[in-house]
Amino acid sequence: MKQTERGHATEEATGRLLALQIKGGPSWFAEKSADGWWFRFTATHANRWLNLAIPLVVVLVDTESDTCYWQAVSPNTIVEAGQGFKVDVPASHRVLVASEAWRVLASRAAAEADAQLDSSVAHLPPSVAEVIPRLGPDGALTAYHLAEGRHNAEGAVQTLLAARPLWLRRSAPHSWLAVARYANCHGHLDLAAQSFELAADTADVEADRAKWLAAAAIQLIYLDHARAVELLDRAEEAGADARTVAVARAVIAHPSGDANPIDLPEELEVEDENIRSSAFIQSFLAIRSQRTGDIQAALNHAALAVAAEPDSAGLMVGGVQRSKRRSCCCLVGEQFCQRLGWGLHLQGRAGSCVELGGDHVEVF
């Protein structure tokens, strides 16, 4: 096992160290994985490598093509294999272009992120935490930075959007989805919109692209009408749900400051299961019912919205039982709630409702 210090030929040493386990020859490429090769090792090696004070990287050398491939050995990359363990060494992980990735691995934050993954995830909103496993080995760093930045969420998201580090770009689009939901949860809808758009722009699946473009537009409904319309146009072209787009357009078209009910889009005139299971549409119907004075209908729609996405901070309205009183709670952007005279609330995993500010509507 060798150690290397990350730095550039024209720079001073950084003091950031990596341990390298280098293996060469055809035999190390005999067991193919879905996107590379499996590297196997014993439980003794796993215990030794995982308890190093510095990160360890396995390097496989293809002596026929003079190409080297790598993978970090960490709790997030190893897989149990009988009495031993193995890691997947992707063909895309070429040492020749690994400089930035290794610099990240060698940083203290990366080591801390790996060790604190469970703790970091526990400090994230449920809708963000459920995305982290989709990010693979990069999930630890994403969770770490979001959890550490929770006391200044705006600054944390702004930094990630400006820097766009390798570990976020590499795990896109779901890394940007996590950032978008995180920004939304903390009420920074403009930053959520930027992040949703990045998720859409890096999506391989057209349905995801359409959905995330619509989500970006929804964040901007009360912040930037022109930009929201532009994003809705793109979402519609990509095949976004017509009813979701229609609701968003109806909200945008409603005059600012007008307390009258928002016009009901014709796409909602015939209710079906897709409408009943859409948290966004049920949120809209709850707010519309409240404006018409039909509080019971508002509560019913709010309950459907929460049932559709019980852990999501992307809801507009939630239904909550408070002692013997029933309340309608607004759950997405403070601007939306203030126009109704409602407070901003977040629906928690346990069903509790945490009030962040403002008055709420109570019905006896």
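Residues numbered from 1 in each chain as written. Predicted model: local features only at pLDDT ≥ 70, side-chain atom pairs only at ≥ 80, totals over all residues. Heavy atoms only, no water.

Student: Hey, could you run me through the pattern of salt bridges in this one?
Tutor: As a working rule, side chains carrying opposite charge can pair if their charged atoms are close by. Within the structure shown, the criterion is met by 16 salt bridges. For R40, the salt bridge goes to E31, with nearest N and O atoms at 2.7 Å. Looking at R40, the relative accessible area reads 41%, which means it is partly exposed. Salt bridges here are not isolated pairs; linked through shared partners, they connect E197, D201, R227, E230 and R234. (Salt bridge = Lys/Arg side-chain N within 4 Å of Asp/Glu carboxyl O. Buried < 20%, exposed > 50% of the residue type's maximum accessible area, 1.4 Å probe, protein only.)

Student: Honestly, the packing of aromatic side chains in this entry has me stumped. Any pointers?
Tutor: For any pair of aromatic rings, geometry is given as the distance between the ring centres together with the angle between the planes. Applying the stated criterion to the full structure yields nine aromatic pairs. Ring geometry for F29 against W37: centres 5.0 Å apart, planes inclined by 85°, an arrangement best described as edge-to-face. In terms of burial, F29 and W37 fall into one category: buried. Pairing F39 with W49 gives two aromatic rings, centres 6.3 Å apart and planes at 20°, and the pair type is stacked. Placement of the pair is F39 in strand β3 (residues 36-41) and W49 in helix α1 (residues 43-50), with a sequence separation of 10 residues. An identical accessibility class is assigned to F39 and W49; each is buried. (Phe/Tyr/Trp six-rings, centres within 6.5 Å; stacked < 30°, edge-to-face > 60°. Helix = DSSP H or I, 4+ residues; strand = E, 2+ residues; numbered from the N terminus.)

Student: For this particular structure, what's the right way to read the environment of I221?
Tutor: Residue placement: I221 occurs in the loop between α11 (206-219) and α12 (225-237). Given the relative accessible area of 1%, I221 is considered buried. Spatially, the C-alpha atom of I221 lies 7.3 Å from that of V251, the residues being 30 residues apart in sequence.

Student: Explanation requested: the sheet that holds β3 in the structure shown.
Tutor: Hydrogen bonding along the main chain pairs the strands of a sheet, whether they run parallel or antiparallel. Pairing in this open sheet of three strands is antiparallel, and the strands run β3-β7-β6 from one edge to the other. The two strands at the open ends of the sheet, each matched to only one other strand, are β3 and β6 (78-81). Adjacent strand axes in the sheet meet at a mean angle of 35° when their direction is disregarded. Pairing between β6 and strand β7 (residues 84-90): four bridges, direction antiparallel. Paired with V79 across the strands is K86, a residue of β7. Where α1 meets the sheet, its contacts fall on β3, β6 and β7, and the angle it forms with β3 comes to roughly 95°. (Pairing = 2+ DSSP bridges. Axes fitted to C-alpha atoms, helices over the stretch in contact; angles between N-to-C directions. Contact = heavy atoms within 4.5 Å.)

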